[in-house]
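Chain by chain, the residues:
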Amino acid sequence: MRVHRMAVPGALRLVPEPVRDDRGTSLELFRNSALADAIGRPFVVGQSYWSTSRRNTIRGIHGTVLPPGQEKLVTCARGSVLDVVVDMRVGSPTFGSFDAVVLSADAPAAIYIPDGLGHGFLALTDDACMNYLCSTEFVPGTMIEIDALDPELALPWGLTDEPIRSAKDAAAPTLSAAAAAGLLPGYAECLAFTPAAA
């Protein structure tokens, strides 16, 4: 497994080395020691879940307030998505920056998202299935939503049709509006939770 730093500081892309034979393919999407070396401590899994989405669905941009925080390791188990990570840490030198990569079941990889970064994706295929390993259990009322179509962020969705979104995601504030309302975590606060995220 190779660990690559992404354009948003703290976000990592874990790329496995598939082993193929007559039976098919096996690969390792997560090894705690490799991720621990990259982030400076073990990644503890507190919850796992998955979602399926129709083509042209956007989920996100989502983050979590601190505390409790919720780091994530996401993979695409079926189909293909455009996966996006956004720096939502107020005071960060890269506040508002993003990185976008295609995740696919045909070319597996995992994305590590530390506290303070927002995450979202666009389903590029029908029945795209995303798997999430989370550092903590989800606590209702702690999610941060940012408008995935925020014109200031200008995320590279490449949409040709109106995307499918939840009512909550469609009503989410822009990044600057959320910052002005005090809804976003601070950079120093996030580094206290995730020291290697700088």
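See the structure above.
Thresholds, definitions, all that
- Residues numbered from 1 in each chain as written.
- Predicted model: local features only at pLDDT ≥ 70, side-chain atom pairs only at ≥ 80, totals over all residues.
- Heavy atoms only, no water.
- Helix = DSSP H or I, 4+ residues; strand = E, 2+ residues; numbered from the N terminus.
- Rg over C-alpha atoms; globule rule 2.2 N^0.38 Å.
- Buried < 20%, exposed > 50% of the residue type's maximum accessible area, 1.4 Å probe, protein only.
- Contact = heavy atoms within 4.5 Å.
- Pairing = 2+ DSSP bridges.
- Axes fitted to C-alpha atoms, helices over the stretch in contact; angles between N-to-C directions.

## Focus on the overall build of the chain
Point 1. Of regular secondary structure, the chain possesses four helices and 13 strands.
Point 2. For 198 residues, the compact-globule formula gives about 16 Å, and the C-alpha radius of gyration of the chain, at 16 Å, lands near that figure.
Point 3. Expressed as a percentage of the 198 residues in the chain, the buried residues total 46%.
Point 4. Put simply, 78% of the contacts in the chain that link residues at least 6 apart link residues at least 24 apart.

## Here's the deal with the sheet that holds strand β9 (residues 98–104)
Point 1. Pairing in this open sheet of five strands is antiparallel, and the strands run β9-β8-β11-β6-β13 from one edge to the other. Lying at the two open borders of the sheet, with one neighbouring strand each, are β9 and β13 (143–145). When strand polarity is set aside, the average angle formed by the axes of neighbouring strands in this sheet is 25°.
Point 2. Across three bridges, strand β6 (residues 58–64) lies against strand β11 (residues 117–123) in antiparallel orientation. Bridge assignment links R59 to a residue of β11, and that residue is F121.

## Points about the sheet that holds strand β10 (residues 110–113)
Point 1. Spatially, the six strands line up as an open sheet ordered β1-β2-β10-β7-β12-β5, and their pairing is antiparallel. Strands at the two margins of the open sheet, each flanked by one partner only, are β1 (2–5) and β5 (47–53). Taking the axes of each pair of neighbouring strands and ignoring which way they run, one obtains an average angle of 25° across the sheet.
Point 2. Relative to strand β2 (residues 12–15), β1 is paired through four bridges, and the arrangement is antiparallel. Within β2, the position partnered with R2 by the bridge is V15.

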